[in-house]
Amino acid sequence: MKLLTSLLRATIPFSLSLALLIPMLDAAEKGPQTVQVSIGTILASNESDNFDPRLSKMKSQLEVIKYRSYRLLREQVQKAPWQSSAAFEIPGGRSLTVIPEGYRNNRLSLKVRLLQGEKPLLDTTVQLRNRGNFLLGGPAHEGGVLILSISATTQ
Amino acid sequence: MKMHCEEVQRSLEAWLDRELNQSEAERVGSHLLECPLCSEDRRQLEHLQDALRNSLEVRASGLAFEPFWSEVRRRILEQKPWHVQFLDWVRFTLYPARLTWAIPVVIVFLLLILSLEQLVPGWGLGPGTSNLAAVESIDGHGLNVAVFRESKTKTTVIWIFQNQEGEDEAADESAPGDNTF
Amino acid sequence: MELSDWELVQKCQAGEIAAFQELVVRYYHKVFLVVLGVLNHQEDALEVAQETFLRAYKKIKGFRGGSAFYTWLYRIAVNLSIDFQRRQKRSPMEFRETLDDVIDEREESGRDPFCSLQSKEIGKKLVAAIDDLTPDHRAVIVMRAVEGLSYKDISRILGCSEGTVMSRLHYARKKLQEKLGPFL
């Protein structure tokens, strides 16, 4: 009888905890609803030794690409629902389209397309850590090259 | 030698309280048998003592042991030092029948740990905490493309070698070739 | 075989609360009587009597058996009662609350409330007369008249000489006799 009472007593906090936890798990199951995509457009060149202080946080990353000068041309942020595209204008008549495809094991899958006018230059699918970034570089621009820092954050 | 009343009066209370030695007590006793005045004083003192005892006994007669003791015991347990109280609590709580609470607590705790991975992105024990991006597929549409991953700075770079087609205004200068990476 | 007080004390000192319970069984009523005699107030007496045993439990490890357990216990009880009385500073009238109730209850239940008292009146007079004594005098007369303790024990309990005990007893008796004169 005592054991039964104890069991009954124990089920109360258990039930309450589950009642609180189920909506949380439900929300977790559905996952983040949108993705914030950020593009930093950087001009890298060898014309000077200037390093844009706004890029100080990613200095070590940029140093992988051995140019002497780095300047942030623009920053763009867009929110995109899953499976929807976010389009960004890139200097030199180019454009970048990013489609968040899915989220698994704390990593986002991004489909990225770089276009020169209507002509596709690159199609790639990248798995990225949430709030992480990767660099896409190479297109020539104003005596240097463009480097795009692409990052994504779930919302 | 017979005692006088004055002497007896001085010793009467001590005689009543049995504080006299045997010979003195006997002498006072003898006097009391013979002296009605001292005997009356004795009676009054005894009566007073009885009245006092009886009145207190009556007032205390309703005092039951059980409630008295349970209150004392409660206070004793309250007053124990913290480490003794803690040990008492541990003994009480770890009584097998009471351990049932631990099962749901452990379950809920594990569920919370597992759900935190989902609820708080970036937190957790799961895989994929590296910043290094993984390139699943890549298509340069005829252009040369290189992928470089640098673990020290956790950097992933996709590089497009665009100059080979010579269509860009600064193609000859921008070719990173061996300049990059 | 019944254990002596000292044996029970030793068990208490070893942490046996059951032994302490046995000591409470033996002395709770006596302690309550003494405290009631000093405080002359039922509820306060209960509170102080319980506090007495709590203090005794806390201090029992320091009890070395130099005196009888009951004198040690009564000393705690009397000291607590006197302290309590001084802290409370009740007016004498406030002490008279319970006796009528107690007597009425006993009469209703068909018992003679005072076996050897002439009447209910003498009980009331006695309570009022006790109120007029100081706590020290009450303590002495209660321990002697109710508990039958020797002058020596009382002097140990109160921490005074036997002569002081005798003079306090004499004073208290005289005062009570004056108040109760016609009823004795």
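Nothing here was measured: the structure is a model prediction, and the numbers come from that model.

S.K.: Any chance you could explain the overall build of chain A here in plain terms?
M.R.: Each helix and strand in chain A was counted, giving 2 helices and 8 strands. Taken from N to C terminus, the helices and strands of chain A fall in the order α-β-α-β-β-β-β-β-β-β. Here chain A holds 155 residues, and 35% of them are scored as buried. If you take every contact in chain A between residues at least 6 apart in sequence, the share linking residues at least 24 apart comes to 47%.

S.K.: Whenever I open this one, the sheet that holds strand β5 (residues 107–116) of chain A confuses me. Can you help?
M.R.: To summarise the sheet geometry, strands pair through backbone hydrogen bonds and adopt either a parallel or an antiparallel arrangement. Read from one edge to the other, the open sheet built from 5 strands follows the order β3(A)-β4(A)-β5(A)-β6(A)-β1(B), with strand pairing classed as antiparallel. Two strands lie at the open edges of the sheet, namely β3 (86–90) of chain A together with β1 (134–139) of chain B, each paired on one side alone. Averaged over neighbouring strand pairs, the angle between their axes works out to 20 degrees when direction is ignored. Of the pairings in the sheet, the one linking strand β4 (residues 94–104) of chain A to β5(A) comprises 10 bridges and is antiparallel in character. Bridging across to β5(A), A:S95 finds its partner in A:L115.

S.K.: Can you help me understand the confidence of the model for chain C in this one?
M.R.: Detailed reading of predicted coordinates is not advised where the pLDDT is low. All names here are of chain C. Chain-level pLDDT for chain C is 82 on average; 82% of the residues reach the 70-or-more range. Here residues 91–117 is modelled with pLDDT under 50, and outside its nearest four sequence neighbours on either side it reaches 39 contacts, counting other chains as well. Prediction confidence for the complex, expressed as pTM and ipTM, is 0.49 and 0.80 respectively.

S.K.: Explain the interface of chain C and chain B here, please?
M.R.: For an interface, size is often stated in terms of accessible area lost upon the parts coming together. Across the boundary between the two partners, chain C contributes 41 residues, which contact 27 residues of chain B. Of the residues contributing to the side of chain C that touches chain B, the split by class is 26 nonpolar, 11 polar and 4 charged.

S.K.: Is there a simple way to think about the packing of helix α1 (residues 5–13) of chain C against helix α2 (residues 17–39) of chain C in this case?
M.R.: In a packed pair of helices, the relevant descriptors are the angle between the two axes and the axis-to-axis distance. All names here are of chain C. Where α1 meets α2, the closest approach of the two axes is 7 Å, and the angle between their N-to-C directions is 145 degrees. Seen along the crossing, α1 lies across α2 with a hand that is left-handed. Every residue of α2 that contacts α1 at D5, L8, K11 and C12 is listed here: A19, F20, E22 and L23. Across the contact of α1 with α2, the residue classes tally to 5 nonpolar, no polar and 3 charged.

S.K.: Can you help me understand helix α4 (residues 69–88) of chain C in this one?
M.R.: Because each turn of an α-helix spans 3.6 residues, side chains separated by three or four positions end up pointing in the same direction. Compared with the 28 Å implied by 1.5 Å per residue over 20 residues, the 28 Å span of α4(C) between its first and last C-alpha is a close match. Against the buried residues of α4(C) lie α1, α2, α3 (42–59), α7 (135–145) and α8 (151–158) of chain C.

S.K.: Which parts of the structure should I look at to understand the environment of C:K179?
M.R.: Residue and element names in this part refer to chain C. The topology assignment puts K179 in helix α9 (residues 162–180). For K179, a count of 18 C-beta atoms within 10 Å gives the class partly exposed. Each C-alpha atom, one on K179 and one on L126, is 7.9 Å from the other, the two residues being 53 residues apart in sequence. The contacts of K179, once residues within four sequence positions are left out, are K125 and A129.

S.K.: What is the right way to look at the sheet that holds strand β8 (residues 144–154) of chain A in this model?
M.R.: With mixed pairing, the 6 strands of this open sheet are ordered in space as β2(A)-β1(A)-β8(A)-β7(A)-β3(B)-β2(B). Bordering the open sheet on either side are β2 (69–81) of chain A together with β2 (144–150) of chain B, each of which pairs with just one other strand. Strand-to-strand, the axes of this sheet are offset by a mean angle of 20 degrees, without reference to chain direction. When strand β1 (residues 34–45) of chain A meets β2(A), the two strands line up antiparallel, connected through 12 bridges. Across the sheet, A:I42 pairs through a bridge with A:L72, a residue of β2(A).

S.K.: Would you mind showing me how to read the environment of B:R27 here?
M.R.: Residues and elements named next belong to chain B. Here R27 is to be found in helix α2 (residues 22–34). Among the residues examined, R27 registers 18 C-beta atoms within 10 Å and is labelled partly exposed. Taking the C-alpha atoms as reference, R27 lies 6.9 Å from M3; in sequence the two are 24 residues apart.

S.K.: Before we go on, may I ask you to explain the environment of C:F63 in this structure?
M.R.: Residues and elements named next belong to chain C. Mapped onto the secondary structure, F63 falls in the loop between α3 and α4. Assessed through the 17 C-beta atoms surrounding it within 10 Å, F63 is described here as partly exposed. Residues F63 and V9, spaced 54 residues apart in sequence, show a C-alpha to C-alpha distance of 8.2 Å. Sequence-distant contacts of F63, defined by excluding residues within four places in its chain, comprise V9 and W72.

S.K.: Explain the pairing of β8(A) to me, please; I cannot follow it from the model alone.
M.R.: Two faces make up the sheet, and in a regular strand the side chains alternate between them. All names here are of chain A. The element β8 is largely enclosed, with a buried count of 10 among its 11 residues. Here strand β7 (residues 133–141) runs beside β8; their pairing, made up of 7 bridges, is antiparallel. Residue pairing across strands places G137 opposite I147, the latter belonging to β8.

The rules we used
- Residues numbered from 1 in each chain as written.
- Chains lettered and ligands numbered in written order.
- Predicted model: local features only at pLDDT ≥ 70, side-chain atom pairs only at ≥ 80, totals over all residues.
- Helix = DSSP H or I, 4+ residues; strand = E, 2+ residues; numbered from the N terminus.
- Buried ≥ 20, exposed ≤ 12 C-beta atoms within 10 Å, placed from the backbone.
- Contact = placed C-beta atoms within 7 Å.
- Pairing = 2+ DSSP bridges.
- Axes fitted to C-alpha atoms, helices over the stretch in contact; angles between N-to-C directions.
- pLDDT = per-residue confidence, 0-100.
- Nonpolar A, V, L, I, M, F, W, Y, C, P; charged D, E, K, R; others polar.
- Left-handed = near helix turned anticlockwise from the far one by under 90°.
- Expected span 1.5 Å × (residues − 1).

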